[in-house]
Each structure stands twice: as structure tokens, then as C-alpha cells.
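# An overview of the molecular structure
Listed below are the residues making up each chain.
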Amino acid sequence: MSAQDRIRNSSLHSRLMSAAQAASLISHNANVGMSGFTGAGYPKVLPKAIAELAAHEHSAGRPYKINLWTGASTAPDCDGVLAQAHAINQRLPFNSDRDVRQEINNGEINFIDIHLSSVAQLAQFGFLGHMDVAIVEVVGITEDGKLIPSTAVGNNQTWLDLADKVILEVNTSLPLQLEGMHDICHDNPLPPHRKPININRADERIGSPYLQVDPKKIVAIVESNAPDRDNVFSEPDEKSKQIAAYVVDFLSHEIKQGRLPKEMLPIQSGVGNVANAVLAGLLTGPFENLYGYTEVLQDGMLDLVRAGKMVTASATAVSLSAKAFKDFTDNIDFYRERIVLRSQDISNHPELVRRLGIIGMNSMIEADIYGNINSTHVMGTGMMNGIGGSGDFARNCYLNFFVTPSTAKDDKISCIVPMVSHVDHTEHDTQIIVTEQGLADLRGLAPRQRAKVMIENCAHPDFRDQLQDYYDRALKTAKGIHTPHILTEALGWHQHFIETGSMKM
């Protein structure tokens, strides 16, 4: 089925054009909102056309860059090709592309790292500037001009509302049966007229299955026929399995203690192999009739839905491996009844996270002995990907877990350190930290009590004595010992790694 066949509103057929023609409508220094969230639902052909336009302009000695706003990360054929063409001036709110990361850390791209729940409203408030163009992937257009969303919703409705011009990519490789899976809220006025969001269960719907746009804004429609990014997940290694086992045992214990209801609470899981291992642990665990309320539905959560362990999964994107995506499309009618895709300002909304009592599980780069978390920066200065949605959930969850192996780089780096080199989540927002060494329940503990359980339970044996030595000396020398530190040494482990290639001293 061609793009024209999927555009059921025939008055829009005249706006079909090539990607190169559409790209020519985007001027230098334009603020461009693109669809896409964690490798799903991003434009497939416009980024390459924009990159080619940038290369042409650069060869003629003229400047050409855009300011790129998305939902979260995209893929090499979006972010990557634009970075390679040096076509990005500003990027927000999250990125995982290697080439973009390099340009960010070289100072070539101005990267703004934002909590994912906040992006839409910051744009609506006008704090980010004026949006010139929205480029949004859809799978079809209805007779009355409504847009059938793709595999991710992200910030698409906000971009469509705010942009002067709209370019649509109709992706014919994705199933039209996605129609009906989405729940788009169109009634979210600005303060002081904002109303409560009336979602009281993870599976409730409050909106429409469609994105909406003023058809006068649509200046181009382009056909694409390419799949989403293949999110390759490795089989859980022993460390990941051990982390998952600690999480599952802890949840069972909390139910026995009466601190969790027997029917459990909705699950949020971050992105990556460790997160998928935790979900795999839930698959074989004792829990039934689970609900998911998360930002990204990955392979592990799809497994739970398929097995009947999870009743409904709510997210803003379906981001899967090629194998899992084939299962998803082959059984799309089954999944459409059990998966709800929402805008990210709803999937990550603090009000809903707190009301629903979400159990959040997110990865980190490092934690310090007092429970501060670094999720974004390597050795304090190099951006990895961004904070994503971890802060949206961690600050407001019923229970929050931060998980990581205890070491990195062939055990040369300890992921439990005296002081984190960058703070994304303060000790005030941290509850439970898990490595393959053990679990530290920090709830209700003062800083010195936290340090004890962090060193004993989570640190790798190769670094445990080194941490204990630092802490003992800090207790003796710090002017105040509420949170004892040796300020001249607190970041010494990171400096030692930069100088020698290892944190071992």
C-alpha cells in the first residue's frame, strides 16, 4: 500500500513530494521538532535529505544548521546523519547517538538535557523559543484529516500545535493496525487554567486515538518505507541476573511486610540490558496481573504482556528488537487491546506517577556512598545520553530503584564512589540501590547510616576497603560529620582514573 493509499483525505494528496523538496522548506537556524522516542517513530527520510542540504550549503560556503528537538533518542539514520553533516546547532532533550555524543562533547552541538516530562510544557510556555517546523512520522491520515500515530507519540502533538509548518512522513512499512492503540490528550490548557489529569489506573484512556493538526499547516507529505531502529539487547549476563534476583526478592519481601499490596503496583522500567533482565526476573517471579506504566515498552515488558503476566502496558513508545517487533506486528490485534501509547508529558507526568504509585527501575552511571546518583556524565564532564525520564519517576515513585553493575571498564572503575562526579538525582530522591553485590535500602536512613549499607552491600570487593578507608578518615577529619567528606580527595578517584586508567589506588 502506497503513502497515497494511506492518506484517506484526498485533499492532501497534492502535498506529496520528495524528501529533497520537503527539506528545502527548512531554513538555516530553524527550530525543528521531530518525532521519535528511543529509536521508535522517528522520521526516516527527511533527516538524510536535510543532511544533504546542509552538505550542499556548506560546500557553497554558506552556513546551515538546525536546532533539533525530539521526544528522546532517535537513530543513526536520523541523529547520526545530521551529526555527520554538521547540521545540528542545538539538540534537546535526550540523545544516544555516538556521532551526536562526540559533537556534544567536542562543543560542536549545544545540548540541553531536560526531564522528559517537562519538554512539552517548556515549549508551550515559550521558554525554548518559537518552533518553525514539525516533522512527524505517521502511519496514515484519516478521511477527516486526523493523523494515525506511529510506534512512538513523544512530543508530537505539542510540535504539531506549535509549529508554523508541518511535514509528515507516512511510513508504509509500519502496520495500519496501530490505529486505535494510542491515547492522545488534547485538553491541557496552560496555568492557571490547567486541570487534574483524570487517570486513576494504568489502563485508563482519557483522549483520542489520533494526533490532530490544522491541515493548513501541512506544507509537505513524504513517503518512507523503513523500519524503526533495531534495538539489540544482549542476553542477561550473570551480573544482570543477580541484580534482577535482588529486585524480585525485595519486592516479595515488601509484600510480606505489608508495604506493597499483594496485587503489586504499576511497573516502570528504564532502557537497557539490566532493565530487561529485571523484567525477565518478573516473568519467572511469583507476581501475576501486573500493570506497566512506563515511558518505553521494550522486549522484556512485551514478554510479560504476551505471557499474560502483565494485563496492560502503558508507554509513549514501543522500542523493540527486530525479533520482538516481528512478534508485535504478527500479533498486532492482540497487543492493541493490551498496550496504550500516550504523549510523553502524560506517560512521565509526576502527578500520575505519584497517584498510581509507580515502582520505578532505572540505570545509573555511578552512585556515591550517601545515595547521590550520576545518570548522565562520564568522569564528571562527558555527556553520555541524558537524564531521560529517570528523574520524572524517581522523585515521585512509590518505590524507586537505581541499578548498575558495581564496576565498569574491566573492573577498573568503581560505580560506587566517595562522591559522584555529577549529580542528577540527589540523596533526597533515592530509595534503593542495587548492584550484583547486593541491595542497599536507604529509606529512613541518615547519611552516615547510608554510607555503611552502601559500602557493605553494593561496593565491589576490590574497592570496598578503599571506600571504607576514605569514609573512616573523613569521619576523623571533616569539620562537620553529618555528611563527612575529605574535600581534597572526594573526586580523587575520578582524577586517578583520568591519570592512570584505573580507580584502584
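Described in the following lines is the structure provided in the data block. Here the structure is a predicted model, which is why all the values come from computation and not from measurement.

A separate point is the nonpolar core. In this structure, L251, M264, L282, F328, I359 and F401 are the most contacted members of the largest nonpolar core, which totals 75 residues. Ranked by the residues each element gives to this core, the list is headed by helix α8 (residues 238-256), at seven residues. Once residues within four sequence positions are removed from consideration, F328 is found in contact with L178, M181, L302, V318, L320, Y335 and I339. Counting residues in hydrophobic clusters, the runner-up holds 33 residues, among them V32, L68, C78 and A85.

With that settled, consider the side chain of Q466. Structurally, the position occupied by Q466 is in helix α17 (residues 461-477). For Q466, the side chain forms a polar contact with the main-chain nitrogen of M505, separated by 3.3 Å. Those residues in contact with Q466 that sit more than four places away from it in its chain are W493, M503, K504 and M505.

One pass over the full model with this rule turns up seven aromatic pairs. Ring geometry for F463 versus W493: centroids 5.9 Å apart, planes at 35 degrees, classification tilted. You can see F463 sitting in helix α17 and its partner W493 sitting in helix α18 (residues 492-500), a full 30 residues away along the chain. Just as F463 is buried, W493 falls in that class too. Members of the aromatic cluster, each reached through a chain of ring pairs, are F325, F328, F334 and Y335. One cation-aromatic arrangement involves K44 over Y42; the distance from NZ or CZ to the ring centre is 4.1 Å.

Turning to the pairing of strand β26 (residues 438-441), a few remarks are in order. One face of the sheet, then the other: side chains in a regular strand alternate in exactly this way. Pairing analysis gives four bridges linking strand β25 (residues 432-435) to β26, with the strands arranged antiparallel. The residue of β26 that forms the bridge with T435 is G438. Between β25 and β26, which pair antiparallel in sequence order, lie two residues.

On to helix α10 (residues 299-306). The element α10 is extensively covered by neighbouring structure, given that six of its eight residues are classed as buried. D299, G300, M301, L302, L304 and V305 are the residues of α10 that are buried. Where α10 ends, the next residue or the one after it, G308, has phi of about 80 degrees, a positive value.

Definitions and limits used
- Residues numbered from 1 in each chain as written.
- Predicted model: local features only at pLDDT ≥ 70, side-chain atom pairs only at ≥ 80, totals over all residues.
- Heavy atoms only, no water.
- Core = buried A, V, L, I, M, F, W, Y, C linked by side-chain atoms within 4.5 Å.
- Buried < 20%, exposed > 50% of the residue type's maximum accessible area, 1.4 Å probe, protein only.
- Helix = DSSP H or I, 4+ residues; strand = E, 2+ residues; numbered from the N terminus.
- Contact = heavy atoms within 4.5 Å.
- Polar contact = N/O pair within 3.5 Å; in protein donor to acceptor, adjacent residues only side chain to side chain.
- Phe/Tyr/Trp six-rings, centres within 6.5 Å; stacked < 30°, edge-to-face > 60°.
- Lys NZ or Arg CZ within 6 Å of the ring centre and 35° of its normal.
- Pairing = 2+ DSSP bridges.

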